[in-house]
Amino acid sequence: AFMEAVGPIASSSTLVVSEYNSTVPDGVVGIAKLLGQADIDVLKAWSAVHLVKGAAPYLSSSFVDAAFEFSKKLSGQKELKPRWKRGVAYANSYLADAVGKEYVA
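Computed from a prediction, not measured in an experiment: that's the story for all the values here.

**Student:** A description of the overall build of the protein should follow, citing residues and the corresponding values.
**Tutor:** For the protein, the helix and strand inventory stands at five helices and zero strands. Helices and strands appear in the protein in the N-to-C order α-α-α-α-α. By residue count, 9% of the 105 residues in the protein fall in the buried class. When the accessible surface of the protein is split by element, carbon and sulfur atoms take 62% of a total near 8,900 Å².

Laid out in structure tokens, this is it:
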């Protein structure tokens, strides 16, 4: 149903679906329709923005600062946590199970 809703796709296009919630199939079909109707340049710009936004915490400080300036207006956070605290938070979120095994084993 998803590909039918998208409609014809150029042979040079690649579609990547990272998650699919089977309990809400209509949502996926709705998104497929939007993708099929959207201007390809708009989709490329949207993808680029989200790619950079997602990678910003791992890039140079200018990306980190720009992402924070944008998000603080939405989140209300007054200041950016120090780099070391952000690093510890990332390590803890990605390595919590691996570090925990050392203490449980």
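**Student:** Talk me through the pattern of salt bridges; I want residue IDs and the actual numbers.
**Tutor:** By the definition in use, this model includes one salt bridge. The salt bridge involving Glu69 is made with Lys72; its shortest N-O contact spans 3.4 Å. Note that Glu69 and Lys72 are positioned in helix H4 (residues 61-75) at a spacing of three residues, about one turn of the helix.

**Student:** Give a description of a nonpolar patch on the surface that names residues and reports values.
**Tutor:** Residues Tyr58, Tyr94, Leu95, Val99, Tyr103 and Val104 make up a contiguous nonpolar surface patch of roughly 770 Å² in combined accessible area. Within the element layout of this structure, Tyr94 appears in helix H5 (residues 83-104).

What counts and how
- Residues numbered from 1 in each chain as written.
- Predicted model: local features only at pLDDT ≥ 70, side-chain atom pairs only at ≥ 80, totals over all residues.
- Heavy atoms only, no water.
- Helix = DSSP H or I, 4+ residues; strand = E, 2+ residues; numbered from the N terminus.
- Buried < 20%, exposed > 50% of the residue type's maximum accessible area, 1.4 Å probe, protein only.
- Areas by Shrake-Rupley, 256 points an atom, 1.4 Å probe, with all protein chains shown as cover.
- Salt bridge = Lys/Arg side-chain N within 4 Å of Asp/Glu carboxyl O.
- Patch = residues over 30% accessible without salt bridge, like charges linked within 9 Å, V, L, I, M, F, W, Y side chains within 5 Å.

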